[in-house]
Amino acid sequence: MLGVVSSPAQIVEAVASRLEQFVERMRTESTEYGPDAVALIDAAADTLVGGKRLRARFCHAGWHAVARAADRHATEGEALWNTCAALEIFQSAALVHDDIIDNSDTRRGRPAAHRALESAHRSAGWSGDAEAFGRASAVLLGDLLVAWSDDLVESAITDHAHAADVRREYARMRRDVTVGQYLDIAEESAWRVNDDAEHAHRALRVASLKSARYSIEQPLVLGASLAGADASQLTALRSFGHPVGMAFQLRDDVLGVFGDESVTGKPAGDDLREGKRTVLIALTREALDRPARGVVDEMLGDPELEPRQVEYLQATIRDTGALDRVEAMIADYAREADRALVGARLDNAAVSGLRDLARAATVRTA
């Protein structure tokens, strides 16, 4: 037990400790699988290193907001920390699968999981197609991480008074993000047969399901549920968390086009090469005439886009005003979130912390 934990560094440390303990337990329980399985377990452990621990921090903030509103001396227990850690394992699973879908070579400045497993195949001198092995193994790696996440959250809430609420929200989170991911990749193909005026709306739905709910809103609700939140407290936290999550994803979309590779760990313009049909792209297309729109459509999704072509698309997005419109949407979402906390029956210190977290999530460079 760490007692009262409040700073981001302390939260990161507490979550890292739970992750290390859990991974060691998984290593011990996996010895029966034999030596070939070690590479998969090692790869799973590697995905849990680093990251901003954003979901854990929002889960902790949700607990803090409710628990300390009732008892300012309340201290965090293992159920909270293990749920925070489980969220980070689920995030790793999502990133592993995301990198396969997007054909991304890097993650956090290091080889993506499927590339690392491909390299391990070659280093071991195994026969067959190393690239195919890496991709297939990473699919299973993501599945293993989902199982690990479920294992940890279930062990965290055994005999917990609010286990049913946590279990229900966690299950909804898994469904939402999976469907959101599917809709994201579907939109890369479906955009052609849908009315151009609907593209921004469809992109916002993807942003809600794929990111806003599971990155911000649902971790908040999970933490609050562990603390025994009532309906009004959950409503306030959802009303805060969802717009913050939307702003978070829109910021991610901007960074996917304009981000600095040395900061984001991803090549500049990566979303353009992947053909992501984001709100940023939808608003850009709305402002273009048919010939110019056709040029953009032809370039989007080309994995061989040259730097000058990326620069052309970046300039087009700026010149149409789409970037400014997305920045205005981010600011509007942030204001909506801030208003949701006014008068809410939540701990005052936690409310201040939530506002700080919202700024960190929406005003960022990585």
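Residues numbered from 1 in each chain as written. Predicted model: local features only at pLDDT ≥ 70, side-chain atom pairs only at ≥ 80, totals over all residues. Heavy atoms only, no water.

Asker: How would you sum up the overall build of the protein? Please name residues and give values.
Answerer: Summing up its helical and strand segments, the protein has 16 helices and two strands in all. Against the 2.2 N^0.38 benchmark of 21 Å for 366 residues, the protein shows a C-alpha radius of gyration of 21 Å, consistent with a compact globule. Structurally, the protein occupies a C-alpha span of about 65 × 60 × 35 Å along its principal axes. Looking at the 366 residues of the protein, the share that counts as buried comes to 51%. (Helix = DSSP H or I, 4+ residues; strand = E, 2+ residues; numbered from the N terminus. Rg over C-alpha atoms; globule rule 2.2 N^0.38 Å. Buried < 20%, exposed > 50% of the residue type's maximum accessible area, 1.4 Å probe, protein only.)

Asker: Lay out unusual backbone geometry in plain terms, naming residues and giving numbers.
Answerer: A negative phi holds for most residues other than glycine; trans holds for most peptide bonds. With a phi close to 55 degrees, Arg-53 is a non-glycine residue in the positive phi region. The topology assignment puts Arg-53 in the loop between helix 2 (38–47) and helix 3 (54–70). Classification of Arg-53 by relative accessible area gives buried; the value is 7%. Phi is positive for Asp-159, which is not a glycine, with a value near 65 degrees. Among the secondary structure elements, Asp-159 is positioned in the loop between helix 6 (130–157) and helix 7 (163–190). Here Asp-159 falls in the exposed class, since its relative accessible area comes to 78%.

Asker: If you had to explain the packing of helix 1 (residues 8–29) against helix 4 (residues 78–101) to someone new, which residues and values would you point to?
Answerer: Orientation of helix 1 relative to helix 4, taken along the N-to-C sense of each, is 80 degrees, at an axis distance of 9 Å. As far as their axial angle goes, helix 4 and helix 1 are roughly perpendicular. Contacts from Ile-11, Ala-14, Val-15, Arg-18, Leu-19 and Phe-22 in helix 1 reach Glu-78, Trp-81, Asn-82, Cys-84, Ala-85, Glu-88 and Ile-89 in helix 4. (Axes fitted to C-alpha atoms, helices over the stretch in contact; angles between N-to-C directions. Parallel < 35°, antiparallel > 145°, perpendicular 65-115°, else oblique. Contact = heavy atoms within 4.5 Å.)

Asker: Run through the pattern of salt bridges, naming residues and quoting values.
Answerer: Across all of its chains, the model carries 35 salt bridges by this definition. For Asp-165, the salt bridge is made with Arg-168, and the minimal N-O distance between the two is 3.0 Å. Here Asp-165 pairs with Arg-168, and both are found in helix 7, just three residues apart, close to one helical turn. The exposure class assigned to Arg-168 is exposed, which follows from its relative accessible area of 53%. Salt-bridge contacts for Glu-306 lead to Arg-308; the nearest nitrogen and oxygen are separated by 3.0 Å. Counted as one network, the salt bridges with shared partners bring together Asp-98, Asp-102, Asp-184, Glu-188, Lys-210 and Lys-276. (Salt bridge = Lys/Arg side-chain N within 4 Å of Asp/Glu carboxyl O.)

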